[in-house]
Amino acid sequence: MAKQVQPFHLAIPVNDIARARAFYGDVLGLSEGRSDKQWVDWDFFGHQLVTHLAPAQAGEVHHNPVDGHAVPVPHFGVVLTMDDWQQLARRLQDKGIRFVIEPHIRFEGKPGEQATMFFYDYSGNALEFKAFQDMNQLFAS
């Protein structure tokens, strides 16, 4: 019996609330929830993402090698359906977003094969979106 997944809550630092609204609202197309001068709640694909004004903390990133790419750490995102992932990739390309790692298939022909893409929000927070043709590969080893 599959366990129902509950929405997660994640709060991240941003350096400018207006730019957070431009990125998460206009670029990603997320719906805005509650907000104040210092923070905004977002419907992040059914999860609760909060962008908090904290300019000194936004955008600190390191990189680790994964499958021949320098993956930004920390990063966050969601697993989408393949159709939704492809639509988001096109939307981001149309909006002129520069990718850290271009949309591609990782681990092709191996356990855990997945579509993935990495990019930064306007505050330097790294995001990864991925999709699997076979969701049973999500935790494949």
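In the block above lies the structure referred to throughout.
Keep in mind it's a predicted model, so treat the numbers as computed, not measured.

K.L.:
Help me get a handle on the overall build of the protein, residues and values and all.
P.N.:
Per the secondary structure count, the protein includes 2 helices and 11 strands. Secondary structure of the protein in N-to-C order comes out as β-α-β-β-β-β-β-β-β-α-β-β-β. A compact globule built from 141 residues should have a C-alpha radius of gyration of about 14 Å, and the protein, at 15 Å, falls within 12% of that. Across its three principal axes, the protein shows a C-alpha extent of roughly 45 × 35 × 25 Å. Buried positions account for 38% of the 141 residues belonging to the protein. Summarising the internal contacts of the protein: among those between residues at least 6 apart in sequence, 56% fall at separations of at least 24. Total accessible area on the protein is roughly 8,400 Å²; 50% of this is exposed by carbon and sulfur atoms. Where the 12 positive side-chain charges of the protein centre and where its 17 negative ones centre are 3 Å apart.

K.L.:
Give a description of unusual backbone geometry that names residues and reports values.
P.N.:
Glycine aside, negative phi is the norm for most residues, and most peptide bonds take the trans geometry. Here Val73 and Pro74 are connected by a cis peptide whose omega angle stands at 0°. Within the secondary structure, Pro74 sits in the loop between strand S6 (69-73) and strand S7 (75-76). A positive phi is found at Asp67, a non-glycine position, where the angle reads about 50°. Examined against the element boundaries, Asp67 turns out to sit in the loop between strand S5 (62-66) and S6. Although it is not a glycine, Phe107 sits at a positive phi angle of roughly 60°. Inspection of the secondary structure puts Phe107 in the loop between strand S9 (99-106) and strand S10 (114-120).

K.L.:
Requested: an account of the side chain of Gln114, with residues and values cited.
P.N.:
Within the secondary structure, Gln114 sits in strand S10. Side-chain polar atoms of Gln114 contact the side chain of Lys130, separated by 3.0 Å. The residues touching Gln114, leaving out its near neighbours within four places in the chain, are His104, Ile105, Arg106, Phe107, Glu128, Lys130, Ala131 and Phe132.

K.L.:
Please give an account of the packing of aromatic side chains that cites residues and values.
P.N.:
Aromatic ring pairs: the centre-centre distance and the angle between the two ring planes describe each pair. Per the stated rule, a full pass over the model turns up 11 aromatic pairs. Aromatic side chains Phe44 and Phe45 sit 5.4 Å apart centroid to centroid with 80° between the ring planes, which places their arrangement in the edge-to-face category. When its relative accessible area of 35% is taken as the criterion, Phe45 is described as partly exposed. Here the aromatic residues Phe8, Phe23, Tyr24, Trp42, Phe44, Phe45, Phe76, Phe99, Phe119, Tyr122 and Phe129 are joined through ring pairs into a cluster of three or more.

Rules and cut-offs
- Residues numbered from 1 in each chain as written.
- Predicted model: local features only at pLDDT ≥ 70, side-chain atom pairs only at ≥ 80, totals over all residues.
- Heavy atoms only, no water.
- Helix = DSSP H or I, 4+ residues; strand = E, 2+ residues; numbered from the N terminus.
- Rg over C-alpha atoms; globule rule 2.2 N^0.38 Å.
- Buried < 20%, exposed > 50% of the residue type's maximum accessible area, 1.4 Å probe, protein only.
- Contact = heavy atoms within 4.5 Å.
- Areas by Shrake-Rupley, 256 points an atom, 1.4 Å probe, with all protein chains shown as cover.
- Lys, Arg positive; Asp, Glu negative; His and termini not counted.
- Charge placed at Lys NZ, Arg CZ, Asp CG, Glu CD.
- Polar contact = N/O pair within 3.5 Å; in protein donor to acceptor, adjacent residues only side chain to side chain.
- Phe/Tyr/Trp six-rings, centres within 6.5 Å; stacked < 30°, edge-to-face > 60°.

Shape is all these values report; function is a separate question.
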